[in-house]
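Results of the structural survey
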Amino acid sequence: MIKPRPWLPLPLLSILLLVVWLLMARSIAPGQVLLGGFLALAIPLLTHRFWDAKPHIKKPGKLLRYVLRVLGDIIVANLQVAWLIINPQQRMRPAFVEYPLMLEDRFTITLLASTISLTPGTVSANMRLDGKTLLIHTLDMEDEEMLIATIRERYERPLKEIYEC
């Protein structure tokens, strides 16, 4: 027996698409609403099979703390990078670090890599094909082990608790 497909597989995406369409058109004329509504229904219907399963947030309170921590770290890292740039006496020590992953889910690994790249001074450059190691470039590294421990405690463990536990 063939399962019927839902007519609205991603309702939040549909609403977002309609709103963005109307904002881009800068009009709420009936024709724009009709065209935006058609696109808001058609795009999710045509693309929903390409989307991964929705991640299940196991601890939403920890997610809020994680977001606040990342925002704070972005501010601090901006100040540190600015100091490195305006202080010519201090030498930068750029380096690549291979970071061993504890995470297993592709979504949480992507969140970790994005978090690392969002923080100024660090960029996640590559992930090994086996999915066990992330290559990170850092602008100024004093101690490789300290960097790995910091990323593990500040970002990876909370992500594991929020999504994988």
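Quick note: structure is the one above.
Okay, so let's go over this structure. (Residues numbered from 1 in each chain as written. Predicted model: local features only at pLDDT ≥ 70, side-chain atom pairs only at ≥ 80, totals over all residues. Heavy atoms only, no water.)

1. With respect to the sheet that holds strand S2 (residues 122-127)
The strands that make up a sheet pair up through hydrogen bonds in the backbone, lying either parallel or antiparallel. Our working rule: Only when DSSP finds a minimum of two bridges between them are two strands counted as paired. Only DSSP runs of H or I reaching four residues or more are called helices, and only runs of E reaching two or more are called strands; each is numbered from the N terminus. Axis definition: a line fit to C-alpha positions, over the contact stretch in the case of helices; interaxial angles, taken between N-to-C directions, run 0 to 180 degrees. Two residues qualify as a contact provided that any one of their heavy atoms is within 4.5 Å of a heavy atom in the partner residue.
Spatially, S1-S3-S2 is the arrangement adopted by the three strands of the open sheet, whose pairing is antiparallel. Looking at the sheet topology across the chains shown, the edges are occupied by strand S1 (95-100) and S2. In this sheet, neighbouring strand axes are inclined to one another by 30 degrees on average, regardless of whether the strands run parallel or antiparallel. Here S1 pairs with strand S3 (residues 133-138) via six bridges, running antiparallel. Paired with Phe96 across the strands is His137, a residue of S3. Along the sheet, helix H5 (residues 144-164) contacts S1 and S3; its crossing angle with S1, the most-contacted strand, is approximately 50 degrees.

2. Topic: the pattern of salt bridges
Opposite charge on two side chains permits pairing when their charged atoms draw close. Going by this rule: Any carboxyl oxygen of Asp or Glu that lies within 4 Å of a side-chain nitrogen of Lys or Arg is treated as forming a salt bridge with it. Only protein chains enter the accessibility calculation, which uses a 1.4 Å probe; a residue is then buried when its area is under 20% of its type maximum, exposed when over 50%, and partly exposed in between.
Counted according to the given criterion, the structure contains seven salt bridges. Two residues, Arg154 and Asp73, come together in a salt bridge whose shortest N-O distance is 2.8 Å. Placement of Arg154 in helix H5 and of Asp73 in helix H3 (residues 60-86) is noted, with a sequence separation of 81 residues between them. The class of Asp73 is buried, set by a relative accessible area of 13%.

3. Details of the side chain of Thr122
Note the cut-off: Polar contacts, as counted here, are pairs of nitrogen or oxygen atoms within 3.5 Å of one another; within protein the pair requires one atom able to donate a hydrogen and one able to accept it, and residues that are adjacent in sequence qualify only if both atoms are side-chain atoms.
In this fold, Thr122 is placed in strand S2. Here the side chain of Thr122 touches Ile116 through a polar contact of 2.7 Å, landing on its backbone oxygen. Reaching out from Thr122, the side chain makes a polar contact with the backbone oxygen of Thr119 at a distance of 3.1 Å. In contact with Thr122, other than residues within four places in its own chain, are Ile116, Ser117, Ile136, His137 and Thr138.

4. Observations regarding unusual backbone geometry
With a phi close to 55 degrees, Arg26 is a non-glycine residue in the positive phi region. Examined against the element boundaries, Arg26 turns out to sit in the loop between helix H1 (11-25) and helix H2 (30-47). Residue Arg26 is classed as exposed on the basis of its relative accessible area, which comes to 76%.

5. Some details on helix H4 (residues 106-118)
To keep things clear, this is the line we draw: For a helix, the expected span equals 1.5 Å multiplied by the number of residues minus one. The directions from the helix axis to the C-beta atoms form the arc being described.
The end-to-end C-alpha distance of H4 is 18 Å, a good match for the 18 Å that 13 residues give at a rise of 1.5 Å each. Of all the positions in H4, only Thr108, Ile109, Leu112, Ala113, Thr115 and Ile116 are classed as buried. Each buried residue of H4 lies within a common arc of 160 degrees when the element is viewed along its axis, so the set occupies one face. Set apart from the buried face of H4 by more than 90 degrees, the exposed residues are Arg106 and Leu118. Among the structural elements, H3, S1, S2, S3 and H5 are those in contact with the buried residues of H4.

6. Quick notes on the nonpolar core
Note the threshold: The set of buried Ala, Val, Leu, Ile, Met, Phe, Trp, Tyr and Cys residues whose side-chain atoms join them within 4.5 Å is what this entry labels a nonpolar core.
The biggest cluster of nonpolar side chains holds 22 residues, and the ones touching the most others in it are Tyr99, Leu112, Leu134 and Ile151. Sorting the residues of this core by element identifies H3, S1, H4, S3 and H5 as the ones contributing at least two each. The biggest single contributor to this core is H5, with seven residues. In this structure Tyr99 touches Leu112, Lys132, Thr133, Leu134, Ile136, Ile148, Ile151, Arg152 and Glu156, once residues within four positions along its chain are discounted.

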